[in-house]
Each structure stands twice: as structure tokens, then as C-alpha cells.
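Each chain, written out:
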Amino acid sequence: MLAAMLLLGALSAPPQTQNPPTPPQPGAPTTSESPNPSARKPVPQPRRVVLVDEVVATVNDSAILESELRTLAAGEIRRRQAQFGRVSPDVVAMIFEGELERRIDQHRMAQSAKTFGVATPEEVEALFRREVKRDEQDQIRNLGSMTEYSLELERQGRTWQTFEREQRVEKMAQFAEDFSVGMRLRQQSNLYLTPRMLRETYEREKDRFVRPAQAQVDLISFAGANALATANEAAAVWRQEEINSRDLAKRFPDATAIGELLANALVPELAQFALAGPVNNVSPPQQTGREVRLAKVTVYIAARNGQFEDPEVQSELRTLCEQKVFIEFKQQALERAKLRTEVWKSRPSR
């Protein structure tokens, strides 16, 4: 395994300054041995090895560090922790692996930017230098001076060299995408977005354009002799506060959070309420057997009857088709980039 290691500590301590020997007194016995021989020998200090970072993959001569993956994965890990409370090691490993594959693909595209034939390698490099210089000038303008800009990089734990390296990967990958996908779309879009393609997309995605109303609610029930009064009080709180049924149930006696349900799983009265929308609308208390239930709309999608000829539908269809063609072109460009790059990973994919 490759690793970037920082070696701290000296191989030996610096020699100690010794006082000049005292001349022997007359009549005193002489000896060639020092009274403390070990004091004359330097004591070796043990080496300390500190792991700074780890190279988890390389794409040609470009390295991907574990610290990069931790930064890229942090947002998704925090999101899952907020949603589920805990993220297992297997899920964390899966997130890291996904980010690694995306980062490898980005490096592949970046290293292929100069080989797509749209511009010479020298022209691509000059374009990159101009972009970096423009970003630098923008940052200096925003922060006030070059000194402040340098201090800001230092606060982020970066240097100009690491910043430029990050920018090279991101900007070169963007250049490659624009060369291989953007220009191709601009030059040949009429060849791909044909009426037949639009019609086929409409038929395939018809549920997007023609659909009934859909809704989801958060449900809570109340029991006991004062269920109706408690439900009315809870409804007033729920209309004012952005909380879920679980947190609401903690505030009232004999309240039980049922959780989120689709409208088609509700009794007819609550289903009709949910399908009328909008989001955050709270229902009147609904007597259901011995319980009183309260619902709050959390998801609402209005009914739609969009026809193929409608201008709004045509605009959406063109966007969908452009996205589909964009994905196909980008995949083709990535396959070409793979032929131009060699990848090594410190750990095999699962």
C-alpha cells in the first residue's frame, strides 16, 4: 500500500557539550577510562512515523487521497445520520466506494481533455491557466488582497499548489465534458431531438403528464375520554409548528404517532382531505372507531392532464430528451477516456 508518510524525530540527540578535563593532581593515580563512559555516547532517539494521508487510487500519474474521499462523502454521511440516526460501517464503505468511482471518472475525463481533438494540448493548457487566473483575481477582489487570499487558503488547510491541483482536475474534466458533449449537442441537436423521439418519450413518460392527484400525510391518533379536545389542541399546534407526528405525540397524553401514509391507505374522509392539498395543511380531527385521528399533508402532487401538443408538455419533452442524449454522449466520452488512462486502486471494489 502506498502511503504519504511524514517522518518526525532525529536519528540521534545532538552531542552534549563537555567541560575540558581537569589536569591530574600531583600524586593522584592516572587512568585512561572515564568515570562515566555512557555519558560520552549520544543516546539514539526512536523514530516516529506519522500517517498523514493515504493514496487510495491513481489515474495515470495523478493520485486520489483518502482525505479527498472523506470530504466528498461527508455530506451524504451527515444526511443519512440525520435521517436514520446511525450509519453502519458497511454503508459508510459503500458511500466511500461510490465517491471513489466518481472521482476516478472525473480524473479520467480531466486527463483526456487534451486528447479529444477539439483543441491542441497547448490551447487547452492555456485555457486552464486563464480560468485559474480569473478565479484567483475574483478571490483577491472578494477578500481584499493577495495576503488575505493566502491566509484564507491557510485557514482551509490548503496551499496554492493543492488548490491548483484540485482546480486542474475539476476544470479539465469540465473542459472534456464541454468538448465531447456540449459541442456535439450544439452542433447536432436537431439530428437527435426528432418528433419521433419526442413522441416516444411522451408515451414512455406518460404518467408524468397525465396523472391523478397524489398525496402523503403524517398521521397521529388520540385515545381516551378527552380524545377530541386533545386532538383539537394538537391541531392548533401542528398548524403553527414544523414538527412531525412523533414529536407532536410526545406533548399530549394518549397520543400515538402512526407516521407517514399515502392517501390511498387512509379512510375516505382523510383521503379526500389529503388529495385536496396543499402541503402542511392539517385536517380537522376525524373520529375513527374509538380513536380520533389527525393528518398533516407532507407531500402533494396536483392532478395533471397534459397532452402531447401542449406547449408546456413540448418544452418538458425537449428537456427530457436533451438530458437522455447528454447522458449517452457523456458515457461515450467516458468510455473513450477509459482507453486513455490506467487506474490502480489500493483496495479492490466489492
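Everything that follows concerns the structure shown earlier in this document.
Attention in this report is confined to the structure presented alongside it. (Residues numbered from 1 in each chain as written. Predicted model: local features only at pLDDT ≥ 70, side-chain atom pairs only at ≥ 80, totals over all residues. Heavy atoms only, no water.)

As for its position among the elements, E164 is in helix α5 (residues 160-192). Among the polar contacts made by the side chain of E164, one reaches the side chain of R129 at a distance of 2.2 Å. Those residues in contact with E164 that sit more than four places away from it in its chain are F128 and R129. (Helix = DSSP H or I, 4+ residues; strand = E, 2+ residues; numbered from the N terminus. Polar contact = N/O pair within 3.5 Å; in protein donor to acceptor, adjacent residues only side chain to side chain. Contact = heavy atoms within 4.5 Å.)

With that out of the way, let us pick up helix α3 (residues 121-143). For α3, spanning 23 residues, the distance from its first C-alpha to its last is 33 Å, which sits close to the expected 33 Å at 1.5 Å a residue. Taken together, the buried positions of α3 are V124, E125, F128, V132 and E136. Positive backbone phi, approximately 110°, marks G144, located one or two places after α3. (Expected span 1.5 Å × (residues − 1). Buried < 20%, exposed > 50% of the residue type's maximum accessible area, 1.4 Å probe, protein only.)

Now for the pattern of salt bridges. Counted under the stated rule, the structure contains 30 salt bridges. Between E125 and R129 there is a salt bridge whose closest N-O contact spans 3.2 Å. Placement of both E125 and R129 in helix α3 is noted, with a separation of four residues, approximately one turn of the helix. Its relative accessible area of 18% is what places E125 among the buried residues. For the salt bridge of E131 with K171, the shortest nitrogen-to-oxygen distance reads 3.9 Å. Taken together, the residues span a long stretch of sequence, with E131 in helix α3 and K171 in helix α5 at a distance of 40 residues. Given a relative accessible area of 23%, E131 falls into the partly exposed group. Overlapping salt bridges, with partners in common, bring together K114, E125, R129, E164 and R168 in one network. (Salt bridge = Lys/Arg side-chain N within 4 Å of Asp/Glu carboxyl O.)

Here we take up unusual backbone geometry. The amide bond that connects G277 to the next residue, P278, takes the cis arrangement and shows omega of -10°. Locating P278 in the fold gives a position in the loop between α10 (268-276) and β7 (286-288). For N60, which is not a glycine, the phi torsion comes out positive at approximately 55°. As for its position among the elements, N60 is in the loop between β2 (48-59) and β3 (62-65). The exposure class assigned to N60 is partly exposed, which follows from its relative accessible area of 36%. Positioned with a positive phi, D254 is a non-glycine residue whose angle comes to about 60°. Considering the arrangement of structural elements, one finds D254 in the loop between α9 (245-249) and β6 (255-262).

Okay, the packing of helix α2 (residues 89-112) against helix α11 (residues 311-339) next. Look at α2 against α11: their axes get within 9 Å of each other, and the N-to-C directions meet at 75°. The orientation of α2 relative to α11 falls into the category roughly perpendicular. Together, D105, R108, M109 and S112 of α2 and A333, L334, A337 and K338 of α11 make up the contact between the two elements. The residue makeup of the contact of α2 with α11, split by class, is four nonpolar, one polar and three charged. (Axes fitted to C-alpha atoms, helices over the stretch in contact; angles between N-to-C directions. Parallel < 35°, antiparallel > 145°, perpendicular 65-115°, else oblique. Nonpolar A, V, L, I, M, F, W, Y, C, P; charged D, E, K, R; others polar.)

With antiparallel pairing, four strands are arranged side by side in an open sheet as β6-β5-β8-β7. Each edge of the open sheet is held by one strand with a lone partner, namely β6 and β7. Each strand of the sheet is rotated relative to its neighbour by a mean of 30°, with strand direction disregarded. With nine bridges joining them, strand β5 (residues 214-222) and strand β8 (residues 291-301) adopt antiparallel strand pairing. From the neighbouring strand, V217 faces β8, where its bridge partner is V297. Packing against the sheet, helix α8 (residues 227-240) makes contact with β5 and β8, and its axis sits at approximately 25° to β8. (Pairing = 2+ DSSP bridges.)

A full pass over the atoms with the stated rule returns three aromatic pairs. A ring pair is formed by Y202 and F209, whose centres lie 5.5 Å apart and whose planes are at 25°; its orientation type is stacked. According to the relative accessible area criterion, Y202 is buried, its value standing at 3%. When the centroid spacing of 5.7 Å and the interplanar angle of 70° are considered together, the rings of Y202 and F308 count as edge-to-face. Of the two residues, Y202 sits in helix α6 (residues 195-204) while F308 sits in the loop between β9 (304-305) and α11, which places them 106 residues apart along the sequence. Given a relative accessible area of 14%, F308 falls into the buried group. Taken together, Y202, F209 and F308 form an aromatic cluster joined through their ring pairs. The side chain of R340 reaches across the aromatic face of F116, ending 5.6 Å from its centre. (Phe/Tyr/Trp six-rings, centres within 6.5 Å; stacked < 30°, edge-to-face > 60°. Lys NZ or Arg CZ within 6 Å of the ring centre and 35° of its normal.)

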